[in-house]
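Residue-level structural notes
As a plain string of letters, each chain reads:
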Amino acid sequence: MKKNYYIIAFFLLFSTAGAQSFTVEQKAQFNKSETIQLMTGGKSTIKGQAFAKDNQSGIKGIAVLNINKRQYAPKGTSIIVMPQTAYFKEWLEVSKKYEKEGKIVELHKEAKACIKVIQVKDDKGNFEINNLMPGQYLLITGFNYIQDKQQSYTLGYENTYINNTLQSSREIQGHHYFKILSEANIRKSVTIKKEGDVVDVNLRMTL
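Named according to an unreviewed UniProt entry, the protein is Carboxypeptidase regulatory-like domain-containing protein originating from Chryseobacterium lathyri.

As C-alpha cells, then:
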C-alpha cells in the first residue's frame with residue numbers, strides 16, 4: 001500500500017523533527033499572490049466523502065468479509081488540499097525521487113502556508129472545501145479503520161475409494177475469522193473547470 005504523498009505532506013505541514021530535510025532549487029518559481037488567489041479567491045467548491053471500502057482480497061488464503069463495505073473517515077480527520085501549480089507539481093516529483101532514501105525535500109515556508117487543511121465534518125466522512133478558483137488540486141488524507149478478515153486452512157482430506165483404489169480426494173477446509181487495524185492513505189487529483197462549479201468527489205481507498 002503506497003502512502004508516500006500522505007507522509008511527505010504531513011511531515012512538511014506539521015513537523016520535520018527526526019527527518020532528514022533539505023531544500024532544492026526548482027525550475028518553476030513560486031508566486032505567492034497567484035497561489036493565495038487560487039486557494040481563497042474563487043467561488044467554487046469541492047465536496048464529497050472520504051472512506052475505505054472492502055473488496056475481496058487477491059491474497060491466497062485471505063478473503064475480506066464484506067460485512068462493513070464502507071467505513072468512513074472519522075469526524076475531524078484532516079484533509080490536505082494542495083494546489084497543483086507548476087511549482088507544487090515539480091516539488092512532488094522531486095520529493096518522490098528522494099523518498100526512498102528517507103529524505104524530505106523542504107517546501108518553501110510561504111508555499112507551505114498556502115496549503116489548506118480542512119476537517120471531515122461528520123461521522124459519514126463528509127467534507128467541503130470552499131472559495132477555490134478553477135484549477136487542479138491534490139487532496140490527501142489518511143485514517144484508521146477495522147477490517148474483518150477470514151483465513152482459510154486445510155483440516156484434512158476426504159478420500160473416495162472404489163475397490164481399494166483412490167478415485168478422488170477433496171480438501172476439508174476450516175476458517176479462522178479475525179479483525180485487524182488498517183490504515184487508509186488516499187490521494188486524489190481534482191479539477192475545477194469553471195468559476196462557480198461544485199465538484200463532488202469520493203476520497204475512496206478500495207482494498
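Back to the write-up after that little detour.
**What about the pattern of salt bridges?**
Scanning the model with the defined rule gives five salt bridges in all. Put simply, Lys32 and Glu110 hold a salt bridge, and the shortest N to O gap is 3.7 Å. Of the two residues, Lys32 is situated in helix α2 (residues 32-40) and Glu110 in helix α4 (residues 109-112); the sequence distance between them amounts to 78 residues.

**Let's talk about the nonpolar core**
Core analysis: the biggest nonpolar cluster contains 25 residues, and Ile46, Phe127, Ile129, Tyr137 and Leu139 have the highest contact counts within it. When contributions to this core are tallied by element, the ones reaching two or more residues are α2, β2 (44-53), β5 (78-83), β8 (126-132), β9 (135-162), β10 (165-192) and β11 (198-206). Grouped together as the second largest cluster of nonpolar side chains are 17 residues, Ile80, Phe88, Ala111 and Ile115 included.

**Some points on the packing of aromatic side chains**
A full pass over the atoms with the stated rule returns five aromatic pairs. Aromatic side chains Phe30 and Tyr87 sit 5.3 Å apart centroid to centroid with 55 degrees between the ring planes, which places their arrangement in the tilted category. Taken together, the residues Phe30 in the loop between β1 (20-22) and α2 and Tyr87 in helix α3 (residues 86-99) connect sequence positions 57 residues apart. Here Phe30 and Tyr87 have matching classes, each one buried. A relative accessible area of 19% places Phe30 in the buried class. Feature note: the residues Phe30, Tyr87 and Phe88 constitute an aromatic cluster, connected by ring pairs.

Calculation notes
- Residues numbered from 1 in each chain as written.
- Predicted model: local features only at pLDDT ≥ 70, side-chain atom pairs only at ≥ 80, totals over all residues.
- Heavy atoms only, no water.
- Salt bridge = Lys/Arg side-chain N within 4 Å of Asp/Glu carboxyl O.
- Helix = DSSP H or I, 4+ residues; strand = E, 2+ residues; numbered from the N terminus.
- Core = buried A, V, L, I, M, F, W, Y, C linked by side-chain atoms within 4.5 Å.
- Buried < 20%, exposed > 50% of the residue type's maximum accessible area, 1.4 Å probe, protein only.
- Phe/Tyr/Trp six-rings, centres within 6.5 Å; stacked < 30°, edge-to-face > 60°.

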